[in-house]
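Descriptive structure summary
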Amino acid sequence: MSLGVALVGGCSLVGEISDARRIDASPLRVHGVVERVVQVKGGAHIRVSYQVGGQRFATEGLPVGQGSGLTDPAVGSTLCLEASAEHPETVRLCGQRYPGGDKMIPTEGLVVLAGAAGALMAAGWIVAVVRQERRERERSRCCFPS
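Rules used throughout
Residues numbered from 1 in each chain as written. Predicted model: local features only at pLDDT ≥ 70, side-chain atom pairs only at ≥ 80, totals over all residues. Heavy atoms only, no water. Salt bridge = Lys/Arg side-chain N within 4 Å of Asp/Glu carboxyl O. Helix = DSSP H or I, 4+ residues; strand = E, 2+ residues; numbered from the N terminus. Buried < 20%, exposed > 50% of the residue type's maximum accessible area, 1.4 Å probe, protein only. Patch = residues over 30% accessible without salt bridge, like charges linked within 9 Å, V, L, I, M, F, W, Y side chains within 5 Å. Areas by Shrake-Rupley, 256 points an atom, 1.4 Å probe, with all protein chains shown as cover. Disulfide = S-S within 2.5 Å.

1. Points about the pattern of salt bridges
Scanning the model with the defined rule gives seven salt bridges in all. Between Arg-56 and Glu-35 there is a salt bridge whose closest N-O contact spans 2.0 Å. Highlighted residues: Arg-56 in strand β3 (residues 55-59) and Glu-35 in strand β1 (residues 27-40), separated in sequence by 21 residues. Between Glu-60 and Arg-36 there is a salt bridge; the shortest N-O distance is 2.3 Å. On the criterion of sequence distance, the pair formed by Glu-60 in the loop between β3 and β4 (78-84) and Arg-36 in strand β1 is long-range, its members being 24 residues apart. Relative accessible area serves as the criterion here: at 27%, Glu-60 is assigned to the partly exposed category.

2. Considering a nonpolar patch on the surface
A contiguous nonpolar patch, built from Trp-125, Ile-126 and Val-130 and spanning about 330 Å² of accessible area, is present on the exposed surface. Turning to its location among the elements, Ile-126 is positioned in helix α2 (residues 104-141).

3. Comments concerning the state of the cysteines
Each disulfide consists of a covalent bond between the sulfur atoms of two cysteine residues. The tally for this structure, following the rule as stated, stands at one disulfide. Between the sulfur atoms of Cys-80 and its disulfide partner Cys-94 the distance amounts to 1.9 Å. Its torsion about the S-S bond being -65°, the disulfide of Cys-80 and Cys-94 is classed as left-handed. Linking Cys-80 in strand β4 with Cys-94 in the loop between β5 (91-93) and α2, this pair joins segments that are 14 residues apart in sequence. By relative accessible area, Cys-80 is classed as partly exposed at 31%. A relative accessible area of 22% places Cys-94 in the partly exposed class.

The following block contains the structure:
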């Protein structure tokens, strides 16, 4: 995944699908080189550089070390990458499928849909409660003749 396309939440699904389509439309196999490894809590940030058509690119958005065949990446290690010929800034590890594998597309889509439905239901419930309270206040203000 290109560094600029790494998104969060439901938008990441759209970004990853877009990246996958770009690469699948015109794939190029290139060699990437691990340029930097910074250990952080829960893993590492790994910068990988590669060249396409004489132009140099770099990304930190690849899941290197997570089932990529390179379990302990070190500076100078090489990786097989697939880049888009038309959008060479869009890259993934060879054999990687987006998002998180082809089986994740329906799962993530359903999660996003369920989240949106839940938010709409919560908003509807809030509106109903506010309207009910307003009706009860209006009834209590009503004056009855004595």
